[in-house]
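Architecture at a glance
Each chain is listed here by its residues.
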Amino acid sequence: MARNMLVKGSGAYVKDIDGREYLDASSLNLTCGYAVPEIAHAVGEQASRLHGYDLSVATHDLAGAVAHRVAALMPPQLSRTLLTNSGTEGVEAALLIAGMYAQLRGEPRTRVVTLDCGYHGSTVLTRSLSGLPHLAHPFRRPLPVTPVSLPLPAREMRRPEALEPMLDAVRRALAEDPEQPPLAVLIEPLLNVGGGVVLPERFLTSLRRECDAHGALLIIDEVSTGFGRTGRMFAFEHDQLVPDIVVSSKGLASGYAPIAAVSVKESVYDAFADDEYMGGLRFGQTSSGHALSCAAAIATLDLIERDDLVRRTERLGRTLLGELEAFLGTGGIADVRGLGLFVSVEFTEEEAAATTVAAAEHHGLLLRRQGRVVMAVPPLTSDESVLNALVERFADALEKTTR
Ligand SMILES: Cc1ncc(COP(=O)(O)O)c(C=O)c1O
């Protein structure tokens, strides 16, 4: 299908060049919706004051403010924040930090344990962290990766019975090569591109213990889940643990400008602070921590707080999950799962998923799709009327698919 040419948005809705309006339930970064006056004003005001500055030369007030605001949302141990432009760069920075930390401590390690169906970015290095077929590339792996396959089908992974097999798989991966002890485990708390997979409760808490037992760092990839999307500020908060590094991005500036944050434990940062060459964590691009992105991020964080969007997302997410669960068994739907406003509908056949997404678009609803899984991720500012419209349009699309 030809790509839509979108020209204008408002709230949860967006219009294409021909004036057709769509409810956008496809944009994981759209925390607050389209054309939010507070965010537009903050970006415009910043553009007329100080549009940006290369942070390797000097800093600006907003970069420090975002770093502090993100740190304040994390467990207190993760008090250091590095700003980058994208989730991909954030993951690369996290790995670089982990690797250099090990090196500076005199215990050089490079082997990373990841989930085979995880997704961590689009560069050669970050693609190499995943076993998803469409991420294959013609280069050799730039670092040793031990992939872990899900021990059960995606739709069974959230069950308590999945906990032990999942932990066993990770334990085997951690212990796999005693000559090359693991540097880190890198994991999404809810798998995005891998098919909206919800992991069993207490898995991350137990994973923390396994990492400690092997001297490995635990890096949580919150790029698609951070800033309220799953009904917690960060999805790892559904469990009880303190990660070593957290990478977040999409929701931070509500999609108004590119930005990502790498949150690092003070104890990891300390290894760099005294190092003559590193002198703190040095990683960045010319526009990292861009002032306009920072302005959008601060305005977004203000709105998340002012409108209590995290709690609201938890409540609305339960409603949306319940409404979509009602379609289980119809139109080839095999599972409905999710956390907060990150709800996934798994079809038995990929074709049915693709047809449903195309039909939904025809009915004015934009959805995401990964293989057999269709995802509904409306803005966190959605209200009941938006959810009702979403479910109605989904039902219309499904009817077309099954006819
Ligand atoms: C979990 C996860 N990590 C990393 C990335 C890469 O982020 P970006 O596209 O901003 O580079 C994504 C993007 O979808 C993601 O979902």
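Data block above holds the structure.
Here is a short report on the structure shown in this document. (Residues numbered from 1 in each chain as written. Predicted model: local features only at pLDDT ≥ 70, side-chain atom pairs only at ≥ 80, totals over all residues. Heavy atoms only, no water.)

Before going further, it helps to spend a moment on the overall build of the protein. The number of helices and strands found in the protein is eleven helices and 17 strands. Principal-axis analysis of the C-alpha atoms places the extent of the protein at approximately 65 × 55 × 40 Å. Among the 403 residues that make up the protein, the fraction classed as buried is 54%. Sequence-distant contacts, at least 24 apart, represent 71% of the contacts inside the protein between residues at least 6 apart. Carbon and sulfur atoms make up 50% of the accessible area of the protein, which totals about 17,300 Å². For the protein, the distance from the average site of its 38 positive side-chain charges to the average site of its 51 negative ones is 2 Å. (Helix = DSSP H or I, 4+ residues; strand = E, 2+ residues; numbered from the N terminus. Buried < 20%, exposed > 50% of the residue type's maximum accessible area, 1.4 Å probe, protein only. Contact = heavy atoms within 4.5 Å. Areas by Shrake-Rupley, 256 points an atom, 1.4 Å probe, with all protein chains shown as cover. Lys, Arg positive; Asp, Glu negative; His and termini not counted. Charge placed at Lys NZ, Arg CZ, Asp CG, Glu CD.)

Further remarks concern the sheet that holds strand β13 (residues 333-339). Spatial strand order, β13-β14-β17-β16: four strands in an open sheet with antiparallel pairing. Two strands in the sheet have a free side with no partner beyond their single neighbour: β13 and β16 (368-370). Averaged over all pairs of adjacent strands, the angle between their axes in this sheet comes to 20 degrees, without regard to strand direction. Taken together, the three bridges between β16 and strand β17 (residues 373-376) define a ladder with antiparallel strand orientation. (Pairing = 2+ DSSP bridges. Axes fitted to C-alpha atoms, helices over the stretch in contact; angles between N-to-C directions.)

This part is about the pattern of salt bridges. Tallied over the full model, the rule gives 25 salt bridges. Arg-20 is paired through a salt bridge with Asp-16; the nearest N and O atoms lie 3.2 Å apart. Between Glu-346 and Arg-372 there is a salt bridge whose closest N-O contact spans 3.0 Å. One end of the pair, Glu-346, is in strand β14 (residues 342-347); the other, Arg-372, is in the loop between β16 and β17, and 26 residues separate them in sequence. (Salt bridge = Lys/Arg side-chain N within 4 Å of Asp/Glu carboxyl O.)

Quick look at the packing of aromatic side chains now. Overall, the coordinates contain three aromatic pairs when judged by the stated rule. Between Phe-227 and Phe-234, the aromatic rings sit 5.1 Å apart at their centres with planes inclined by 65 degrees, giving edge-to-face as the arrangement. This pair shows no difference in class: Phe-227 is buried, exactly as Phe-234 is. Every member of this aromatic cluster is reached through a ring pair, and the members are Phe-227, Phe-234 and Phe-236. (Phe/Tyr/Trp six-rings, centres within 6.5 Å; stacked < 30°, edge-to-face > 60°.)

Turning our attention to the site of the ligand. Taken together, the residues surrounding the ligand are Ser-86, Gly-87, Thr-88, Tyr-119, His-120, Gly-121, Glu-188, Asn-192, Asp-221, Val-223, Ser-224 and Lys-250. In this structure, a nitrogen atom belonging to the ligand sits 3.3 Å away from a main-chain N or O atom of Tyr-119. Separating an oxygen atom of the ligand from a side-chain N or O atom of Asn-192 is a distance of 2.9 Å. Protein chains shield 85% of the accessible area of the ligand, which is 390 Å² for the free molecule. When the residues that make up the shell around the ligand are grouped by side-chain class, the tally is two nonpolar, seven polar and three charged. (Near = heavy atom within 4 Å. Polar contact = N/O pair within 3.5 Å; in protein donor to acceptor, adjacent residues only side chain to side chain. Nonpolar A, V, L, I, M, F, W, Y, C, P; charged D, E, K, R; others polar.)

Turning our eyes to something else, we now look at the pairing of strand β10 (residues 217-222). Where burial is concerned, most of β10 is hidden: six out of the six residues are buried. On β10, burial covers both faces: Leu-217, Ile-219 and Asp-221 on one face and Leu-218, Ile-220 and Glu-222 on the other are all buried. Across four bridges, strand β7 (residues 182-187) lies against β10 in parallel orientation. The partner of Leu-186 across the bridge, within β10, is Ile-219. Judged from the four bridges that link them, β10 and strand β11 (residues 245-248) form a sheet pairing that is parallel. What sits directly across from Ile-219, in β11, is Ile-245.

Before going further, it helps to examine the packing of helix α2 (residues 61-73) against helix α8 (residues 291-306). For the pair α2 and α8, the least separation of the axes is 9 Å and the interaxial angle reads 35 degrees. Between α2 and α8 lies a crossing of left-handed hand. Along its contact with α2, which presents Leu-62, Ala-63, Ala-65, Val-66, Arg-69 and Leu-73, the element α8 presents Ala-291, Cys-294, Ala-295, Ala-297, Ile-298, Leu-301, Asp-302 and Glu-305. (Left-handed = near helix turned anticlockwise from the far one by under 90°.)

Geometry only, nothing functional implied.
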